[in-house]
Amino acid sequence: SITGKPLFRAPIGRTFRQFLAESEKHGWPSFRDSEVIWDDVRVLRNGEVVSRAGTHLGHNLPDGKGNRYCINLVSIAGPVPTNGDEYK
């Protein structure tokens, strides 16, 4: 998010291996309802997923397990390193 607020938290209700396998299968990080931080994420009627600040994040592409929020990788960032090291 352009605001620095967290938008997703994963994995919840599944292992990291399951999260990674699903994301790799579909080609982008795929989050489920329980992994969305709804205070700062919205799903528009057309399925577009946006941050509350209005940033395009990706799309909801439901499957047999429910809603699957496929998020563009450029919309995801990890925490800033605290030990002074740059990302490698």
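Residues numbered from 1 in each chain as written. Predicted model: local features only at pLDDT ≥ 70, side-chain atom pairs only at ≥ 80, totals over all residues. Heavy atoms only, no water.

What to know about the overall build of the protein
So, point 1. Along its length, the protein carries one helix and five strands.
So, point 2. Mapped from its N terminus to its C terminus, the protein presents α and β elements in the order α-β-β-β-β-β.
So, point 3. For the protein, the residues scored as buried account for 32% of the 88 residues in total.
So, point 4. Contacts in the protein between residues at least 24 apart in sequence constitute 43% of all its contacts with a sequence separation of at least 6.
So, point 5. Summed over all atoms, the accessible surface of the protein reaches about 6200 Å², with 55% contributed by carbon and sulfur. (Helix = DSSP H or I, 4+ residues; strand = E, 2+ residues; numbered from the N terminus. Buried < 20%, exposed > 50% of the residue type's maximum accessible area, 1.4 Å probe, protein only. Contact = heavy atoms within 4.5 Å. Areas by Shrake-Rupley, 256 points an atom, 1.4 Å probe, with all protein chains shown as cover.)

Some points on unusual backbone geometry
So, point 1. Pro11 follows Ala10 through a cis peptide bond whose omega is 0°.
So, point 2. Turning to its location among the elements, Pro11 is positioned in the segment before α1 (16-26).

Notes on the pattern of salt bridges
So, point 1. What the rule picks out here adds up to six salt bridges.
So, point 2. Members of the salt-bridge network, linked through shared partners, are Arg14, Glu22, Arg32, Glu35, Asp63 and Arg68. (Salt bridge = Lys/Arg side-chain N within 4 Å of Asp/Glu carboxyl O.)

Some words on the packing of aromatic side chains
So, point 1. For the structure shown, the criterion picks out four aromatic pairs.
So, point 2. Residues Phe8 and Phe31 carry aromatic rings whose centres are separated by 4.4 Å and whose planes lie at 20° to one another, so their mutual orientation is stacked. Of this pair, Phe8 sits in the segment before α1 while Phe31 sits in strand β1 (residues 30-31), placing them 23 residues apart in sequence. Of the two residues, Phe8 and Phe31, both sit in the buried class.
So, point 3. Aromatic side chains Trp38 and Tyr69 sit 5.7 Å apart centroid to centroid with 80° between the ring planes, which places their arrangement in the edge-to-face category. Taken together, the positions of Trp38 in the loop between β1 and β2 (41-43) and Tyr69 in strand β5 (residues 69-71) put the pair 31 residues apart, joining distant regions of the chain.
So, point 4. A relative accessible area of 36% places Trp38 in the partly exposed class. (Phe/Tyr/Trp six-rings, centres within 6.5 Å; stacked < 30°, edge-to-face > 60°.)

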